[in-house]
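Remarks on the overall topology
As a plain string of letters, each chain reads:
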Amino acid sequence: MTAAIKASLSSHRLQPLPKPESAATSAKVTPIDRKKTTLPSVSRGEQTVQMMPSPTQMPVWLRSLIEAQQASSILTLVLVAACLSVYGFTVYSQEKWQQESSKLNSLRRDERQLIAANETLKNQIAKLADRPGSGLVQPNSSQIMFLEPAPQRTQPATPAQSRPVMPQDTEPAPLGY
């Protein structure tokens, strides 16, 4: 069986490549004929390879595709920058919101503690007032004082301060609240 495999491998062996000759002797370049529309070619043995023409101007469709790619790249960068800035603003505002919310909660807690302390002090003062010998007396109606309002004073009108009298200005203003 191994003899059969060796025989099949020997029949499929690759033949060595011929030694390369110098480029001047092996390749034949055909001269460029300006009158022909075909491209110049390089021939080597049986194979002929045609040379590509040098590009002088890109086609319009290719140029428009390149411009569209550049425009979309710029638009993509702008959109990425906008998205990152919106994301950053969102994160910043949420962080700021949390800080202010914790401050508000702290202030509410402090307010509740102050209200409780104030009510405790009021309660202690009321208990002290009820004790005899504290020097505090219960209020009664005979000790209430009433004050009469002072007579109204009129100021002389100066020419710079004079203004026309409006109908709502004729109503008397209340003396106090």
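Residues numbered from 1 in each chain as written. Predicted model: local features only at pLDDT ≥ 70, side-chain atom pairs only at ≥ 80, totals over all residues. Heavy atoms only, no water.

1. Some remarks on the overall build of the protein chain
This is how the line gets drawn: Each helix is a run of DSSP H or I of at least 4 residues and each strand a run of E of at least 2, with the numbering of both proceeding from the N terminus. Exposure is judged per residue with a 1.4 Å probe applied to protein chains only, and the accessible area is read against the type maximum: over 50% gives exposed, under 20% gives buried, and values in between give partly exposed. Residues count as neighbours in contact if any of their non-hydrogen atoms are within 4.5 Å of one another.
Each helix and strand counted, the protein chain has three helices and three strands in total. Listed by position from the N terminus, the elements making up the protein chain come as α-α-β-β-β-α. For the protein chain, buried positions account for 2% of its 177 residues. Within the protein chain, residue pairs in contact and separated by at least 24 positions form 0% of the contacts whose partners lie at least 6 positions apart.

2. What about the pattern of salt bridges?
Put simply, the rule reads: Any Lys or Arg side-chain nitrogen located within 4 Å of an Asp or Glu carboxyl oxygen qualifies as a salt bridge.
Tallied over the full model, the rule gives two salt bridges. Between lysine 103 and glutamate 100 there is a salt bridge, with the nearest N and O atoms lying 3.7 Å from each other. Separated by three residues within a single helix, lysine 103 and glutamate 100 lie in helix 3 (residues 60-130), roughly one turn from each other. Taking relative accessible area as the criterion, lysine 103 reaches 48% and is therefore assigned partly exposed. A relative accessible area of 39% means that glutamate 100 is categorised as partly exposed.

3. Overview of the confidence of the model for the protein chain
Spelled out, the test is: The score called pLDDT rates the predictor's confidence residue by residue, from a low of 0 to a high of 100.
For the protein chain, per-residue confidence averages 77 on the pLDDT scale, and 63% of positions sit at 70 or higher. Taken together, the stretch residues 23-27 has pLDDT below 50 and engages in five contacts with residues farther than four places along the chain or on a different chain.

4. With respect to a nonpolar patch on the surface
Quick note on the threshold: Exposure above 30% relative accessible area and the absence of a salt bridge qualify a residue for a patch, where like charges join within 9 Å and nonpolar side chains (Val, Leu, Ile, Met, Phe, Trp, Tyr) within 5 Å. The method behind every accessible area is Shrake-Rupley, applied with a 1.4 Å probe, and residues are considered shielded solely by the protein chains displayed.
A cluster of nonpolar side chains, contributed by Met58, Trp61, Leu62 and Leu65, occupies part of the molecular surface with about 420 Å² of accessible area. With respect to the secondary-structure elements, leucine 65 resides in helix 3.

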